[in-house]
Amino acid sequence: MEPAQPADRAPADSTPPDGQPPVDVPADPGGEPAATDPTPPPRMTSGKSERSPKDMAISLLVLLVPIALLLAFYRGFLGGDQPTTVDPAPAIEQARSANVFPVSQPQGLGSDWSTVSARYQSVEGGANLRLGYLTPEGRGVQLLQSSVPAERLLPAELTDQAQPQGPTELAGRNWQRYTARDNQQALVLLEPNRTVIVVGDARDNELRELAGSLR
């Protein structure tokens, strides 16, 4: 009796579906289909360029130079640091023509004083002439001449808490020192037909200079 022969192993069916071309599947040494390698190919990393401090400084300089040139042009040719001044003469003339109260005008102030506003206005209870100045130290001062009764004018201009701080004589006139809003100081001249207020955040010597220049 002949020994039994091992049955032939049926080959793996590599027949593709209908209509598809045959696919050859690689086999390992044992005859089994070889597994495919799932590991993806390594990524190609692009090199990151780093800018040196010198390059960054040059880029910043390129940006700053036009700005500096524009600023120099603004200050040198357009007067960027110069305050906008006005001519107070029309407002003063309007107040004098109205003849509501005697009108005084600063005399002898230096060229470093700038008139930045001027307005005459009729208001309830009287009229006001307001002149705004920029002092040599760059601070703001307002000169107000008004026919509004002082008991109404002072609280409105200097706050309800404004109190006299003592008298001072300037150019032969008796003024009163007052406190005002926002740490401002004021000099007040009380006359029968008008009240004069010099008020601002300027130093005391500049307030006194403006008040003493009134003629």
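Everything below is about the structure printed above this text.
Summarised in this report is the structure supplied together with it. (Residues numbered from 1 in each chain as written. Predicted model: local features only at pLDDT ≥ 70, side-chain atom pairs only at ≥ 80, totals over all residues. Heavy atoms only, no water.)

**Quick notes on the overall build of the chain**
To be explicit about the condition: Helix and strand assignments come from DSSP, with helices taken as H or I runs of at least 4 residues and strands as E runs of at least 2, each series counted from the N terminus. Relative accessible area decides the class of each residue, using a 1.4 Å probe on protein chains only: under 20% of the type maximum gives buried, over 50% gives exposed, and in between gives partly exposed. Note on contacts: a residue pair is in contact if any heavy atoms of the two residues lie within 4.5 Å. In this description, accessible areas are obtained by the Shrake-Rupley approach with a 1.4 Å probe, and a residue is regarded as covered only by the protein chains that are shown.
Regarding its fold elements, the chain presents four helices and seven strands. Moving toward the C terminus, one meets the helices and strands of the chain in the order α-α-β-β-β-α-β-β-β-β-α. Going through the 215 residues of the chain one by one, you find that 27% of them count as buried. Put simply, of all contacts in the chain between residues at least 6 apart along the chain, 46% involve residues at least 24 apart. Carbon and sulfur atoms form 53% of the exposed surface of the chain, whose accessible area is close to 15,400 Å².

**Brief notes about the packing of aromatic side chains**
For clarity, the threshold we go by: Classification of ring pairs rests on two measures: the distance between centres of Phe, Tyr or Trp rings, Trp counted by its six-membered ring, which must be within 6.5 Å, and the angle between planes, read as stacked under 30 degrees, edge-to-face over 60 and tilted in between.
This structure, assessed with the given rule, holds one aromatic pair. A ring pair is formed by Trp113 and Tyr133, whose centres lie 6.4 Å apart and whose planes are at 75°; its orientation type is edge-to-face. Of the two residues, Trp113 sits in the loop between α2 (89-98) and β1 (114-123) while Tyr133 sits in strand β2 (residues 126-134), which places them 20 residues apart along the sequence. According to the relative accessible area criterion, Trp113 is buried, its value standing at 9%. Tyr133 gets classed as buried once you look at its relative accessible area, which sits at 5%.

**Brief notes about the sheet that holds β2**
Heads up, the rule is: Two strands make a pair as long as DSSP finds a minimum of two bridges between them. Inter-axis angles, ranging from 0 to 180 degrees, are taken between N-to-C directions of lines fitted to C-alpha atoms, where helices are fitted over the stretch in contact.
Taken in spatial order, the seven strands of this open sheet run β1-β2-β3-β7-β6-β5-β4, and their pairing is antiparallel. Edge positions in the sheet fall to β1 and β4 (164-170), since each of these pairs with one other strand and no more. With strand direction ignored, the average angle separating the axes of adjacent strands in the sheet is 20°. Strand direction decides the pairing type here: β4 and strand β5 (residues 173-179), joined by six bridges, are antiparallel. Within β5, the position partnered with Gly166 by the bridge is Arg177.

**Describing the side chain of Ser104**
Quick reminder of the rule: Under the rule applied, a polar contact is a pair of N or O atoms within 3.5 Å (in protein, one hydrogen donor and one hydrogen acceptor; residues adjacent in sequence only if both atoms are side-chain atoms).
Locating Ser104 in the fold gives a position in the loop between α2 and β1. Owing to a relative accessible area of 4%, Ser104 belongs among the buried residues under this scheme. Within the structure, the side chain of Ser104 is placed 3.0 Å from the side chain of Arg194, a separation counted as a polar contact. Dropping the residues within four chain positions of it, Ser104 is found in contact with Gln145, Arg173, Arg194, Leu214 and Arg215.

**Quick notes on α2**
Just so we agree on the cut-off: Think of the arc as the fan of directions from the helix axis to the C-beta atoms.
Within α2 the residues assigned to the buried category are Ala91, Ile92 and Ala95. Buried residues in α2, looked at end-on, bunch into an arc of 100°, giving them a common side. Counted as exposed and oriented over 90 degrees from the buried face of α2: Pro90 and Ser97. On its buried face, α2 is in contact with β1 and β2. Where α2 ends, the next residue or the one after it, Asn99, has phi of about 55°, a positive value.

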